[in-house]
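Coordinates in review
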Amino acid sequence: MLESYSAKEVEAKWQRIWEENAVYEPEPDERQKFLLTIPYPYLNGNLHAGHTRTFTIGDAYARYKRMRGYNVLFPMGFHATGTPIVGLSELIANKDPLIWGVYTRLHGIPEEELASLNTPEKIVLYFRRQAKAAMQSIGYSIDWRREFTTTDPAYSKFIEWQFGILRNLDYVVKGSHPVRWCPHDKNPVEDHDILKGEDATIMDFSLIKFRMGDAIMPCATLRPETVFGVTNLWLNPSVTYVMARINDENWIVSKEAYEKLTYTDRAVAWGAEMPGIELIGKRVTNPLTGAEVLVLPAGFVDPDNGSGIVMSVPAHAPYDYLALKDLYEEDLSQYGIKEDLRAIEFISLIESPGYGEFPAVEAVKELGVRDQNDPKAEEATKMVYRREFHNGVLKPNTGRYAGVAVSKIKDLLLRDLIDRGIAEIFYEFSETPVICRCGTRCVIMMVRDQWFLEYSNPEWKGRVLWCLSRMNIIPPEFRVEFENKIDWLKDKACARRKGLGTHLPWDKEWLIESLGDSTIYMAYYILAKYVNAGMKIDSLPPEFFEYIFMDNGDAAAVANLTGLPEQTVQQIHDDFAYWYPVDLRTSGKDLVANHLLFFLYHHVAIFPEQLWPKAIAVNGFVSLEGQKMSKSKGPLLTLRQAVAENGADVTRLYILGNAEGTADVDWRNDGVEATHAHLDRFYNLAREIMADGSIDESAEKTLIDRWMLSRLQRRIVQATEAMEEIQTRRALQSAFYLLMGDLRWYQRRGGKNQLRAVLSAWVRMMSPFIPHICEELWASGLGEGYASLAEWPVADESLIDLKAEKAEDLLERTLNDVQEIVNVTGTKPAKITLYTTPRWKKEMLRLAVAAAAGGKLDMGALMKEAMANPAIAEHKKDAPKYAQKLAKAAHSLSAEALGLDEYETLTREKEYLAGAFGVLVEVYSAEEPGADPKGKSRQAEPGRPAIYIE
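Let us look at the structure shown here. Predicted model only: the values in this text are computed from it and were never measured.

Let's shift gears to the overall build of the chain. Helix and strand counts for the chain stand at 33 helices and 33 strands. If you line up the chain on its principal axes, its C-alpha atoms span 105 × 85 × 50 Å. In the chain, which comprises 950 residues, the share counted as buried stands at 56%. Sequence-distant contacts, at least 24 apart, represent 76% of the contacts inside the chain between residues at least 6 apart.

Below, the structure is given as structure tokens:
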């Protein structure tokens, strides 16, 4: 056993042993199985700290379940389909400076190596090797016999079978829908394809058609009801606009808006350009109310937002009110505007509790907003919109819409406006810009004759919700998030014309989109083992997959059809029947809105109920020294870098103990260093215990031995409960940090004979988290076989000793109280006298605990009962004061201090206390306090002896 822990040496040793002995390569047996999967990584870069967190959570749980007796399968594959890798290869081949910088600086790829990655195939191979090496370096217990890449020919046959089923179920349909689109690749783009703006969603704006003579000036808004309150339009005088022919109408829009319109299903033709300054001062007609309003100048109007022309509703929009107010003192004669803008009357159209006629004006005054550039203007806007949306109703001046809730008006009104030809739908991103991985700015494209997965299908949605209701969602509060996302999910483009992937079996000019082909691949892990062993299934028919995955047909018929041995076909079929369904899918929370939803949808569509997923666990993100990590901009911490700099077990311990659930981890180097110190302490303490030949495990157990064993059982219970909920931080608090503190106290009190028993349980509890160091300790004489496969400790309730725990708690608390007094007074004690609580105070506490258990402590009832107790009645002068003190802390009263003879405990430990402080220690009961020169004995309370220091 090494004198000091060498991460590099020990970790490499055990990773080699695990691989050589196939420790994590399970086969079906009589045990209960557990199939755990995590999202396979996309091969366009090195694994980073976000992957590290998700994957390490999955690995720790897989290891835990093995130790609980389950036959655990933890497989891994690699995702490569779609356009990002194709785009990346082109950028590398062209030596794009941005990409060159990202991959050499952030991903640490030498320039000469990067230059060689100039085809998609080379990129896939390179990052597959890098990803696997990274996962092996941190010690993941993966069955690598089952690895695959989504570009493998066999996988393509599997995907063809899957989409054939979806087509037969009419879940794949052709239609026209708005999609995120890359003009360069001429493809729809999904989350994996996006370099910047991956959180952007497609929002449907109402495009209201204001008229200026024969021309239309359309204004985009998310709140079409506010058209009733428009007092003017805003237009940027420094922007160049276009008079364009849109269908059969003349529209005035910004050049940027014109570009967007070309990707819609409208007939679009370029017309004459016109400077925005020429349009200021014109009058336009509100198409709904017939009112004429001015076009006013506004530098804040973004030509890339909507049409480049904005409605102004100063009664309900703080920014509009502030912008209009800012113009009151301006000379607008250059635009031909001579009117006094103060004469513009605000139009109130929404009644909302807490607001009067003009909510925008009131909010600006309430928050003290100075002008439109004041940051508080945004806060005022959100406040007004939030209150109006949730509580507002339309006023009588909105005609037949009066009384309709703002939250319900949009669809109703927009449908009417479209029917009347005065509005259209215009799609915009929720944030901009959205950049494809090829470097091109994405647009929203209305694609005709595009293949879609009909996720909006109500019957399909209903079955997914039923599946979700039967699943375990961790953390439980994320169930609502899933329900909302399922309800929101719309049809999704499932095919593209460029990139890597599988062709639609019925329409070969289309490739299946990269999120569409990564939904039920967990089933393919069963098959991948046989493919990797040399079985050729590149051209197998659907009947093969039907038998393996759906139990349709029989082995003999499939063997005859495929030419495969019947025994092999039967074995694959039986393997799948054993391992499926997925027992746990653990993933980052960013995949809830896409991959995890599709994972549920496709399982529900294809498999019978008994094969639907059982549980999903969601975890948060990882930042780096307080900054959001970015694969394209930095900062970035790769998995390999973290392990190389800190070791696998330190990396695992830090990232699992820093946060849990959906809370985010902030990776900080000082925290990592502290974790390293804790790990060294763990190893050194274990080594000392193993080397201590004086330990006598057969010796009669002392009080401190019983205390240590009792604390151990509690830590086992706490860690087990936390791991069942995948709460790794809480599990580590109990299994590592608190237990280490318990051991320190045990040794401080002279305990040692139970150290080996504690160490055996401790190493096993820590094995899922820091497996390499635990294997090293286990193999040094703690147990047989592998720590990774040893039995997880089970708490023995008979070893929980409340009396021993109370006694040690009293002793530790007393030590701390004495030390605090010494520190505060700065005195050097010559003698310490302790006075334990009198019997009457214990009786009073007992009565108060019983009374507080029913709720609020009733002082009258307590004192009545107390005075009926002879032990308390003798102290009727002091009893009310003590009762009042107990009443103030009624919410925290406990019986922990009861049932323990404090005098006997402290008297027994006088020698220990005297040794701890280096002075004489005397113990008296407050019943017989002896001389008690300062009357300190009166301060003694249950669990808190009075202290007198000479």
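Moving on, we come to the sheet that holds strand β32 (residues 920-925). One open sheet holds the three strands; their spatial order is β32-β31-β33, and the pairing between them is mixed. At either margin of the open sheet sits one strand with a lone partner, and together these are β32 and β33 (946-949). On average, each strand axis in the sheet is inclined to that of its neighbour by 20°, with strand direction left out of account. On the sheet, helix α27 (residues 802-825) packs against β31 (831-836) and β33 and is oriented at approximately 40° with respect to β33. Strand contacts of helix α33 (residues 910-917): β31 and β32, with the helix running at about 140° to β32, the strand carrying the most contacts.

Here five strands make up an open sheet; going across it, the order is β2-β1-β26-β27-β21 and the pairing parallel. Sheet topology places β2 (71-73) and β21 (472-474) at the edges, where each strand pairs with a single neighbour. For this sheet, the mean inter-axis angle between neighbouring strands, taken without regard to orientation, is 15°. Across the face of the sheet, helix α19 (residues 595-606) comes into contact with β26 (584-588) and β27 (615-619) while running at roughly 155° to β26.

Our next topic: the environment of K831. With respect to the helices and strands, K831 occurs in strand β31. C-alpha of K831 to C-alpha of A914: the two residues are 83 residues apart in sequence and 9.1 Å apart in space. With residues up to four places along the chain from it excluded, the contact list for K831 reads V919, L920, E922, Y948, I949 and E950. Looking at K831, its side chain comes within polar contact range of the side chain of E922, at 3.2 Å.

Our focus in this paragraph is helix α21 (residues 648-657). In an α-helix, one full turn covers 3.6 residues, which means residues spaced three or four apart are oriented alike. Taken across its 10 residues, α21 has 10 buried, putting it largely inside the fold. Along α21, the residues that are buried comprise A648, D649, V650, T651, R652, L653, Y654, I655, L656 and G657.

Extensive coverage of β27 is indicated by the burial of five of its five residues. By the alternation rule, side chains of β27 split into A615, A617 and N619 and I616 and V618, which are all buried. Of the strand pairs in this sheet, β21 and β27 are connected by three bridges, and their pairing is parallel. The residue of β27 that forms the bridge with I474 is A617. Both β26 and β27 contribute to a ladder of four bridges, which runs parallel. Residue pairing for β27: T586 is matched across the bridge by A617.

A few words now on helix α26 (residues 771-782). Given a rise of 1.5 Å per residue, 12 residues ought to cover 16 Å, yet the end C-alpha atoms of α26 are separated by just 14 Å, more than 12% below that figure. Burial runs high along α26: nine of the 12 residues are buried. Lining the buried residues of α26 we find α1 (7-20), α2 (49-67), α21, α22 (669-691) and α25 (755-766).

What follows covers a negative patch on the surface. Residues E198, D199, E431 and D590 make up a contiguous surface patch of negative charge. Within the fold, E431 resides in the loop between β18 (423-429) and β19 (435-436).

Turning next to the pattern of salt bridges. Taken as a whole and judged by the stated rule, the model has 51 salt bridges. Notably, a salt bridge pairs E357 with K395, separated by 2.9 Å at the nearest N-O pair. Within this pair, whereas E357 is found in the loop between β16 (350-351) and α10 (359-367), its partner K395 is found in the loop between β17 (393-394) and α12 (406-419), the two being separated by 38 residues in sequence. The exposure class of K395 is buried, given its relative accessible area of 12%. Here R714 and E805 are joined by a salt bridge, their closest N and O atoms 2.7 Å apart.

Another point: the pairing of β18. In terms of residue burial, β18 counts as a mostly covered element, since five of its seven residues are buried. Relative to β18, strand β6 (residues 202-212) runs antiparallel, the two sharing seven bridges. Of the residues in β18, the one forming a bridge with I202 is F429.

Geometrically, the link from T432 to P433 is a cis peptide bond, its omega value of -5° lying close to zero. Among the structural elements, P433 can be located in the loop between β18 and β19. A cis amide bond, omega 15°, links Y580 with the succeeding residue P581. Residue position: P581 is located in the loop between α18 (566-579) and β26.

Right, let's get into the packing of α22 against α26. Two measures define how a pair of helices packs: the angle their axes make with one another and the distance between the axes. Running from N to C, α22 and α26 cross one another at 5°; their axes reach a closest spacing of 11 Å. With respect to α26, the element α22 is oriented roughly parallel. Contacts between α22 and α26 involve L679, F682, Y683, A686 and M690 from the first element and I773, L777, S780, G781 and L782 from the second. Classifying every residue of the contact of α22 with α26 gives eight nonpolar, two polar and no charged.

Moving on, we get to the side chain of S788. Inspection of the secondary structure puts S788 in the loop between α26 and α27. Under the relative-accessibility criterion, S788 is labelled buried at 2%. Setting aside residues up to four positions removed in sequence, S788 forms contacts with W18, Y24, R63, R66, M67, S767 and E775.

Looking now at the packing of aromatic side chains. The tally for this structure, following the rule as stated, stands at 49 aromatic pairs. On the numbers, 6.4 Å between centres and 65° between planes, the contact of F148 with Y521 is edge-to-face. Highlighted residues: F148 in the loop between α6 (120-137) and α7 (153-168) and Y521 in helix α15 (residues 521-532), separated in sequence by 373 residues. With a relative accessible area of 1%, Y521 lands in the buried category. Both rings, one in W234 and one in F300, keep their centres 5.6 Å apart while their planes meet at 65°; by these two values the pair is edge-to-face. Of this pair, W234 sits in strand β8 (residues 232-235) while F300 is found in the loop between β14 (292-297) and β15 (309-312), placing the two residues 66 residues apart along the sequence. The ring of W18 has R63 lying over it, and the distance from NZ or CZ to the ring centre is 4.8 Å. Stacked on the ring of Y385, the Lys or Arg R223 has its end atom at 4.4 Å from the ring centre.

Structurally, D320 is set in helix α9 (residues 318-327). Of the side chains with opposite charge, R223 comes closest to the buried, unpaired D320, at an N-O distance of 8.9 Å.

Here we come to the environment of K628. Here K628 is to be found in strand β29 (residues 627-628). Using a relative accessible area of 66% as the deciding quantity, one classes K628 as exposed. Setting aside its immediate chain neighbours within four residues, K628 contacts S623, G634 and P635.

How each quantity is defined
- Residues numbered from 1 in each chain as written.
- Predicted model: local features only at pLDDT ≥ 70, side-chain atom pairs only at ≥ 80, totals over all residues.
- Heavy atoms only, no water.
- Helix = DSSP H or I, 4+ residues; strand = E, 2+ residues; numbered from the N terminus.
- Buried < 20%, exposed > 50% of the residue type's maximum accessible area, 1.4 Å probe, protein only.
- Contact = heavy atoms within 4.5 Å.
- Pairing = 2+ DSSP bridges.
- Axes fitted to C-alpha atoms, helices over the stretch in contact; angles between N-to-C directions.
- Polar contact = N/O pair within 3.5 Å; in protein donor to acceptor, adjacent residues only side chain to side chain.
- Expected span 1.5 Å × (residues − 1).
- Patch = residues over 30% accessible without salt bridge, like charges linked within 9 Å, V, L, I, M, F, W, Y side chains within 5 Å.
- Areas by Shrake-Rupley, 256 points an atom, 1.4 Å probe, with all protein chains shown as cover.
- Salt bridge = Lys/Arg side-chain N within 4 Å of Asp/Glu carboxyl O.
- Lys, Arg positive; Asp, Glu negative; His and termini not counted.
- Charge placed at Lys NZ, Arg CZ, Asp CG, Glu CD.
- Parallel < 35°, antiparallel > 145°, perpendicular 65-115°, else oblique.
- Nonpolar A, V, L, I, M, F, W, Y, C, P; charged D, E, K, R; others polar.
- Phe/Tyr/Trp six-rings, centres within 6.5 Å; stacked < 30°, edge-to-face > 60°.
- Lys NZ or Arg CZ within 6 Å of the ring centre and 35° of its normal.

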